[in-house]
Each structure stands twice: as structure tokens, then as C-alpha cells.
Amino acid sequence: MKDTKILLVDDDKDILEFLKYNLVKEGFEVEVASSGEEGLNLALKGRFDLIILDVMMPHMDGIEVCERLREVPEMSEVIILFLTARGEDYSQIAGFEAGADDYITKPIRPKVLISKIKATLRRNLKKSGKENTSSTGPFLVDRDKYLIIKNGKEISLPKKEFELAALLIAKPGSVFARENILNMVWGEEVVVGDRTIDVHMRKIREKLGKKYFKTIKGVGYKFVEK
């Protein structure tokens, strides 16, 4: 965690100073940007392990910044967290659709923020120890490159879509309950709703094919090898 580099993007300079102070105190290396445009440029030029984006910013908001970053293959492994106001469910859903890994609700409590960041980084370290590639049916899953190759065609997915698809593909025919999916992909420390899984599954089906990913009503999802 000591060498972790974090980028903070928020148009509120007081929030930037507050967050930077608490993160630097924990030993993180931190850079800040006060607009979406500045944040996007810094993110593309630097090598960050984690990016924290405010959703509501003028000109270029956090959703657009996230979408632009996820279009770049080199940014697929970077963790992206959103800052959202309490009760902004639409922002959280839009954030997950754009490729965010998680969100942090304002007002921000430093201990909660630090805990969430460390938990997210730990999950990523654990996942990096898994077997690098595996194949099932028409799919080859490359965990190093965060790529799924279908019949020879490379398909790049945002981090959480990739992790969910890879989880299901790894065990054809096995039914994964929603609770297990949330724990295995988002972690026990993260509180997200069932709608989050539905949003990600819809995106996965659009990109990889509806026939491979089946809904088991009242339970969860499974991958069907055809």
C-alpha cells in the first residue's frame, strides 16, 4: 500500500485539500485535479493505481472522465471510485455503467474512505495471484490484460464487468447466487444493490452474447457453454 499512487479529481478545492491531507497521512502518494479535463489529462499521462472522481463537475463530469479512461486499454486495471452525494442512486448506477469499481458517499468520513481504499487494493492484490489465462468454450480469459477473447476476437471490458464475466465463465453450469457474486466481485466491505449486478450483466450480454449468460430466477446467474 505504501507506494500506491492516487489521483483525486474534484472541483471543490476544500474537499481536495481535506482528502489529500488524510490520504498522505496514511502514506499514499497523491496528486489532485480541480476539473474533469485536468483529471483526464493527468490520468492519461501518469501511472495511478487508483482514481477518485467526483460525479458532479462542470464541463466534464466524473461519468464522462471514467468513460474516456475505460476506452484506453492501459487504463483497464486502474481502480476508479466515485464520490456521490447521499441518495444519488442514479449517479451510482451511471457510474457502474461507465466502468467504476465502487463509490464513496458524501459527506466523506476519512476512516471510511481509507478503509474502502485499502479493502479495494487488497482485493486487487489477491486477484493478481490467480491463474493468468483460462479457456472455456469460445472464450479465452486473460487476467493479466483484462481481456476476454471470443473466437479469436479481443473484447476489452471495464474491470468489474471483466471480473464478473470471468467468475461465471470459469465454472460453466455452476449457479452463482447474487450474494456470492457481490462478495466475490465487490467484496464484503462494499455495499451495493442487486441493481448493480443487473447493470453489469446487461453490459456483459451485449458484448459477449446473451445465450451464454442465463438468469436463474430468485437465485442468480450461470454461464452456459455452447
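The following refers to the structure shown. This is a predicted model, so every value here is computed, not measured. (Residues numbered from 1 in each chain as written. Predicted model: local features only at pLDDT ≥ 70, side-chain atom pairs only at ≥ 80, totals over all residues. Heavy atoms only, no water.)

**Let's talk about the packing of helix H2 (residues 36-45) against helix H3 (residues 62-70)**
Item 1. Two elements in contact, H2 and H3, have axes whose closest approach is 10 Å; the angle formed by their N-to-C orientations is 25 degrees. In this view, H2 runs roughly parallel relative to H3, as classed from their interaxial angle. Crossing of H2 against H3: the hand is right-handed. From H2, Gly36, Leu40, Ala43 and Leu44 reach across to H3, where they touch Val65, Arg68 and Leu69.
Item 2. The class makeup of the residues in the contact of H2 with H3 is five nonpolar, one polar and one charged. (Axes fitted to C-alpha atoms, helices over the stretch in contact; angles between N-to-C directions. Helix = DSSP H or I, 4+ residues; strand = E, 2+ residues; numbered from the N terminus. Parallel < 35°, antiparallel > 145°, perpendicular 65-115°, else oblique. Left-handed = near helix turned anticlockwise from the far one by under 90°. Contact = heavy atoms within 4.5 Å. Nonpolar A, V, L, I, M, F, W, Y, C, P; charged D, E, K, R; others polar.)

**Quick notes on the sheet that holds strand S1 (residues 5-9)**
Item 1. Taking strand neighbours across the sheet as the criterion, the five strands line up as S2-S1-S3-S4-S5 in an open arrangement whose pairing is parallel. Unpaired on one side and paired on the other, strand S2 (29-33) and strand S5 (102-106) mark the two borders of the sheet. The sheet shows a mean angle of 20 degrees between the axes of neighbouring strands, direction not considered.
Item 2. Where S1 meets strand S3 (residues 50-54), four bridges bridge the pair, whose relative direction is parallel. (Pairing = 2+ DSSP bridges.)

**Focus on the nonpolar core**
Item 1. Ranked by internal contacts, the top residues of the largest apolar core, which has 49 residues, are Ile51, Ile148, Ile181, Leu208 and Phe213.
Item 2. Take this core: its biggest share by element is seven residues, from helix H6 (residues 159-169).
Item 3. The contact partners of Ile181, leaving out residues within four places of it in the chain, are Leu164, Leu167, Phe176, Trp186, Ile197 and Tyr221.
Item 4. Core analysis: the next-biggest nonpolar cluster, separate from the first, contains 19 residues, Phe28, Leu50, Ile104 and Ile117 among them. (Core = buried A, V, L, I, M, F, W, Y, C linked by side-chain atoms within 4.5 Å. Buried < 20%, exposed > 50% of the residue type's maximum accessible area, 1.4 Å probe, protein only.)

**Some remarks on the side chain of Thr4**
Item 1. Counting through the fold element by element, Thr4 comes out in the segment before S1.
Item 2. Residue contacts for Thr4: discarding those within four places in its chain leaves Phe28, Glu29, Asp49 and Leu121.

These values are about where atoms sit, not about what they do.
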